[in-house]
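So the chains spell out like this:
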Amino acid sequence: MFCIAAMGLATSCSKDDEDLIVGEWKLTYAAQTVVQVDYYGEVHNISWTTKENTLDAKWQFTKDGIIYSQAKYSNGEVYEHQDRYVVLDGYLVLSQDEDMFWVKKYKIEKLTNEKLILTYNYDGEIPDHMAEYTQDVWLEFEKD
């Protein structure tokens, strides 16, 4: 009986996350660190935060699994994109609408009515560039 109740709680938490994420979210803070070791063994390290580089960004999640993202950079450049998303087992999984080959999996660190915190970590190779690559991302959003 306890197992059945526990399974119901786990399922409802996922549904709660699906419902909570729907709406428009404004980026309040972002940090990224990228380390790339190229074919010649040279190390390239790039780190930035929104405290150093202004970024006006919003993500909008719809009930039917579409995410619209928009970013306005300090140089005036505007980026707009549309993807598919699903909330699954504590992760936000994004994929390009028509290219299921491209998938990005964010861990949901916090999700409430007002706050969304996501992390993304990648450690692997870039085949086309013959390079080792790591990327760590921290994103904080507030409901808009």
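Structural data are supplied above this passage.
Let me sum up the structure you'll find in this document. (Residues numbered from 1 in each chain as written. Predicted model: local features only at pLDDT ≥ 70, side-chain atom pairs only at ≥ 80, totals over all residues. Heavy atoms only, no water.)

As a further point, take the layout of surface pockets. Of the volumes computed, that of the largest pocket is approximately 540 Å³. The wall of the largest pocket is formed by 24 residues, among which Trp59, Tyr73, Tyr79, Tyr106 and Leu139 lie closest to the centre. Tallied by class, the residues present in the lining of the largest pocket amount to 17 nonpolar, five polar and two charged. (1 Å grid on protein atoms, 1.4 Å probe; cavity = no way out; pocket = protein on both sides within 12 Å on 5 of 7 lines; lining within 4 Å. Points joined across faces, edges and corners; volume = space filled by probe spheres on them. Nonpolar A, V, L, I, M, F, W, Y, C, P; charged D, E, K, R; others polar.)

A cluster of acidic side chains, namely Asp123, Glu125, Glu132 and Asp136, defines a negative patch on the protein surface. Broken down by secondary-structure element, the contributors of at least two residues to the negative patch are strand S8 (115-126) and strand S9 (131-143). Turning to its location among the elements, Glu132 is positioned in strand S9. Residue Glu132 is classed as partly exposed on the basis of its relative accessible area, which comes to 41%. (Patch = residues over 30% accessible without salt bridge, like charges linked within 9 Å, V, L, I, M, F, W, Y side chains within 5 Å. Areas by Shrake-Rupley, 256 points an atom, 1.4 Å probe, with all protein chains shown as cover. Salt bridge = Lys/Arg side-chain N within 4 Å of Asp/Glu carboxyl O. Lys, Arg positive; Asp, Glu negative; His and termini not counted. Charge placed at Lys NZ, Arg CZ, Asp CG, Glu CD. Helix = DSSP H or I, 4+ residues; strand = E, 2+ residues; numbered from the N terminus. Buried < 20%, exposed > 50% of the residue type's maximum accessible area, 1.4 Å probe, protein only.)

The next point concerns the pattern of salt bridges. Tallied over the full model, the rule gives four salt bridges. Between Glu24 and Lys58 there is a salt bridge whose closest N-O contact spans 3.4 Å. Residue Glu24 is found in strand S1 (residues 23-37), and its partner Lys58 is found in strand S3 (residues 55-61); the two are separated by 34 residues along the sequence. Judged by its relative accessible area of 28%, Lys58 falls in the partly exposed class. Salt-bridge contacts for Lys58 lead to Asp144; the nearest nitrogen and oxygen are separated by 2.8 Å. A residue pair is termed long-range when its members are at least 10 positions apart, and Lys58 in strand S3 and Asp144 in the segment after S9 qualify at 86 residues. By relative accessible area, Asp144 is classed as exposed at 51%. Here the salt bridges do not stand alone but share partners, grouping Glu24, Lys58 and Asp144 into one network.

A few words on unusual backbone geometry. Look at Asp89: it is not a glycine, yet its phi comes out positive at around 50°. Note on placement: Asp89 falls in the loop between strand S5 (78-88) and strand S6 (91-96).

Alternating residues of S3 divide into Leu55, Ala57, Trp59 and Phe61, all buried, and Asp56, Lys58 and Gln60, none buried. Pairing between S1 and S3: four bridges, direction antiparallel. Its bridge partner lying in S3, Trp25 is registered against Trp59. Where S3 meets strand S4 (residues 66-73), seven bridges bridge the pair, whose relative direction is antiparallel. In the sheet register, Ala57 faces S4, and the bridge partner there is Ala71. Connecting S3 to the antiparallel partner S4 that follows it, the hairpin turn spans four residues, and Gly65 within it adopts a positive phi of roughly 85°. (Pairing = 2+ DSSP bridges.)

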